[in-house]
Amino acid sequence: MTQQVISRFAPSPTGFLHIGGARTGLFSWLYAKSFGGKCLLRLEDTDEKRSKQEFANSILKSFQWLEVVFDGEPFYQSKNKASHLEKVDFLLTSNRAYYCDCSSERLEHLRKEQQKLKLKPKYDGKCRELNLKSGGGSVIRFKNPESGSVIFEDIIRGKIEVANEELDDLILVRSDGSPTYNLSVVVDDMDMGITHVIRGDDHINNTPRQINIFEALKADVPNFGHLPMILGEDSKRMSKRQGAKSVLEYKDLGVLPEAFLNCLVRLGWSLGDQELFNLDELQEKFREGKMNTAPASFSMDKLLWFNKKYISSLDNRSLISKLSDYSNHFKEDPKSIVVINLIKDRCSLMSDFKKESAYFFEDLDKIDSKLSSKVFNKQALQILKRLMEELEKVNEWTTEKIHSSIENVMSINKVDMGSVGKPFRLSITGQMNSPSIDKTAVVLGKKKVIERMNQVIKEFS
């Protein structure tokens, strides 16, 4: 590939960035970077009612979080309207566009008649050769070729051919003077020097139309690649309207950017059997991998698997630094390190650390009544009292001594580990799931353990 690859990601700032858009942006960026090229960001903000700066900011923040840095300043489509209309003037003077004054009533009637005849609805070209001038309510249409085919080699799907007779004379400029999507996209790509377009397959029907416009404008046609859809866990297409989380919501949940990026890139791209990639490696190897033609399925379980992998790879100092966004429990002190080592394997999200560590750092809230009524029966409280008496005698507060005390109570009362461990665990942690109870008790300290056990005995006896 001799020319420099210049790709672009062109979201509309009409909502927060979701997984589908993030995947498209990432693939566009990685494709260009793997060829030593550039990837530009274009914000297609011509929908004045729905486009908001807060959504544009969210898109920028999402990629900053992922450490994906686009080249140059963001390009705002709304600021390029003069160029859009200038190119329309060229098309008009070169007889590749024309004014059309067909009423909406006529067009609706035409559409219904075509549907009755089971024909594909499209404009019938009534004004194509009338040489109309601009008038109130008129639009400007593209004079699409009437014969031949549009043929292009899709980067992902291979050769695609569409007959021109399947296409119609699409509107380039609306009656209010505003450019339409297909015109604006082509002109923006020309002005930005875009050589490669990686986008979702929902745009694949636009591609032949846009190629014809590029050619009518005497411009180089970019290379196109269309990514298959992403399916949710319900096997339906993920979309904003289906309630898919925004990228920054995953951040707030406690997903690490490395894990999210790794999960994204595996939604439709592979390199052998390798699962884990860092960003530098992806920039180097993306061109060697394969972009799949089949829809990819997003799985929260898979994302959590990636996240747990990256959490487990962090040293304690790095982990504590990252945890500062999710909890104020952890400092660079011995207790924090011990607690982290106890609970790390139990955490799939960064936000899990606060929940899993709360009873180490905070006073217990009132124990859930459903748990207390199930666990703290008369026998359990008697066992708990006996264990507390055993633990009060312990001089060296170690896991071995605590475990020995538990075994003594089991032997004296002729009960199993569950009969002792359940009330003990619930009384000192307030929950039924925690790390090894003897190790947990060591970290809590003898004084706090005895206080919590005594409080439970008094409250529930």
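Here, every reference points to the structure presented above.
In this report, we go over the structure that sits alongside the text. Numbers given for residues are sequential positions, taken from 1 along each chain in its written order. Only residues with pLDDT of at least 70 get local features here, since the model is predicted, and only at 80 or more are side-chain atom pairs given and counted; chain-wide, interface and lining totals rely on the full set of residues. Note that water and hydrogens are dropped before the side-chain values are worked out from all heavy atoms of the structure.

### A closer look at a negative patch on the surface
Now for step 1: Patch membership requires over 30% relative accessible area and the absence of a salt bridge. Like charges are linked within 9 Å, and nonpolar side chains (Val, Leu, Ile, Met, Phe, Trp, Tyr) within 5 Å. Accessible surface area values rest on a Shrake-Rupley calculation with a 1.4 Å probe, where residue burial reflects the displayed protein chains alone. Each reported salt bridge corresponds to a side-chain nitrogen of Lys or Arg within 4 Å of a carboxyl oxygen of Asp or Glu. His is not counted, nor are the chain ends; Lys and Arg add positive charge and Asp and Glu add negative charge. We put the charge of a Lys on NZ, of an Arg on CZ, of an Asp on CG and of a Glu on CD. Together, E362, D363, D365 and E451 make up a region of like negative charge exposed at the surface.
Now for step 2: Note on placement: D365 falls in the loop between α13 (352–361) and α14 (369–375). Helix and strand labels come from DSSP, where a helix needs a run of H or I of at least four residues and a strand needs a run of E of at least two; each type is numbered from the N terminus.

### Structural notes on the packing of aromatic side chains
Now for step 1: Note on aromatic contacts: the rings of Phe and Tyr and the six-membered ring of Trp form a pair at centre separations within 6.5 Å, being stacked when their planes are under 30 degrees apart, edge-to-face when over 60 apart, and tilted otherwise. The full count for this structure, using the stated rule, is 17 aromatic pairs.
Now for step 2: Seen from their ring centres, F27 and F286 are 5.4 Å apart, and the 70° between their planes marks the pair as edge-to-face. Here F286 lies in the loop between α9 (279–285) and β13 (290–291) and F27 lies in helix α1 (residues 19–34), a separation of 259 residues in the sequence. The two residues F27 and F286 agree in class, both being buried.
Now for step 3: Grouping aromatic residues by their ring pairs yields a cluster made of F27, W269, F277 and F286.
Now for step 4: The criterion for a charge sitting over a ring is simple: Lys NZ or Arg CZ within 6 Å of the ring centre, and within 35 degrees of the ring normal. The cationic tip of K302 hangs over the ring face of F306; the distance from NZ or CZ to the ring centre is 5.4 Å. Classification of residues uses two cut-offs on accessible area relative to the type maximum, computed with a 1.4 Å probe and protein chains only: under 20% is buried, over 50% is exposed, and between them is partly exposed.

### Topic: unusual backbone geometry
Now for step 1: Even without glycine at this site, K118 takes up a positive phi of about 60°.
Now for step 2: Tracing the chain through its elements places K118 in the loop between α4 (104–116) and β5 (139–142).

### Quick notes on the pattern of salt bridges
Now for step 1: All told, the structure shown has 25 salt bridges when counted by the stated rule.
Now for step 2: In this structure, E281 and K285 form a salt bridge, with 3.4 Å as the shortest nitrogen-oxygen distance. Of the two residues, E281 and K285 both sit in helix α9, four residues apart, roughly one turn of that helix.
Now for step 3: Judged by its relative accessible area of 23%, K285 is partly exposed.
Now for step 4: Where E356 meets R346, a salt bridge forms, and the shortest distance between an N and an O atom there is 3.1 Å. Of this pair, E356 sits in helix α13 while R346 sits in the loop between α12 (334–343) and α13; the two residues are 10 residues apart in sequence, bridging distant segments of the chain.
Now for step 5: You can call E356 buried: its relative accessible area is 11%.

### What to know about the pairing of strand β10 (residues 223–227)
Now for step 1: By the criterion of burial, β10 is predominantly enclosed, with four of the five residues buried.
Now for step 2: Strand pairing is assigned whenever DSSP identifies at least 2 bridges connecting the two strands. Here strand β9 (residues 196–200) pairs with β10 via five bridges, running parallel. Paired with G200 across the bridge in β10 is L227.
Now for step 3: Every crossover in which the path from the first strand over the helix to the second runs clockwise, viewed with the strands pointing away from the viewer, is termed right-handed. Following the backbone out of β9, through helix α6 (residues 206–216) and into the adjacent parallel β10, one traces a crossover that is right-handed.

### Considering the sheet that holds strand β2 (residues 38–43)
Now for step 1: Pairing within the open sheet is parallel, and its three strands lie in the order β1-β2-β3. Bordering the open sheet on either side are β1 (6–9) and β3 (75–76), each of which pairs with just one other strand.
Now for step 2: With two bridges connecting them, β2 and β3 associate as parallel partners. Paired with L43 across the bridge in β3 is Y76.
Now for step 3: Two residues form a contact once any of their heavy atoms are found within 4.5 Å. All axes here are fitted lines through C-alpha atoms, helices being fitted over the stretch that makes contact, and every angle between N-to-C directions spans 0 to 180 degrees. Set on the sheet, helix α2 (residues 53–65) makes contact with β1, β2 and β3; between it and β2 the angle comes to about 160°.
Now for step 4: With respect to the sheet, helix α5 (residues 181–192) is in contact with β1, β2 and β3, its orientation differing from that of β2 by roughly 140°.

### Things to note about the side chain of K344
Now for step 1: Assignment of secondary structure puts K344 in the loop between α12 and α13.
Now for step 2: There is no salt bridge for the buried K344, and the closest opposite charge comes from D345, which lies 7.1 Å off by N-O distance.
Now for step 3: Not counting residues up to four positions away in its chain, the partners in contact with K344 are I311, S312, L314, N316, L319 and F353.

### A look at α5
The α-helix advances 3.6 residues per turn, and as a result positions three or four apart in sequence lie on the same side.
Now for step 1: Any helix carries an expected span of 1.5 Å times its number of residues minus one. Taking 1.5 Å as the rise per residue, α5 with 12 residues should run 16 Å; its terminal C-alpha atoms sit 16 Å apart, in good agreement.
Now for step 2: Of all 12 residues in α5, nine are buried; the element is thus mostly enclosed.
Now for step 3: Those residues of α5 lying buried are N182, L183, S184, V185, V186, V187, D188, D189 and M192.

### So, α13
Now for step 1: Among the residues of α13, those classed as buried are D352, F353, E356, S357, Y359 and F360. The buried residues of α13 all sit within an arc of 150° when viewed along its axis, so they share a single face.
Now for step 2: Buried residues in α13 make contact with α10 (300–313), α11 (316–323), α12, α17 (417–429), α18 (437–444) and α19 (446–460). When we speak of the arc, we mean the arc of directions from the helix axis to the C-beta atoms.

### What about the packing of helix α15 (residues 378–392) against α19?
Now for step 1: For the pair α15 and α19, the least separation of the axes is 10 Å and the interaxial angle reads 155°. Judged by the angle between their axes, α15 and α19 are roughly antiparallel. Crossing of α15 against α19: the hand is left-handed. Of α19, the residues touching α15 (which contributes L381, L384, K385, L387, M388, L391 and E392) are K446, V449, I450, M453, N454, V456, I457 and F460. When an angle is under 35 degrees it counts as roughly parallel; over 145 it counts as roughly antiparallel; between 65 and 115 it counts as roughly perpendicular; any other value is oblique. Here is the rule for handedness: rotate from the far helix to the near one, and if that takes an anticlockwise turn smaller than a right angle the crossing is left-handed, while a clockwise turn gives right-handed.

Just distances and angles here, no functional claims.
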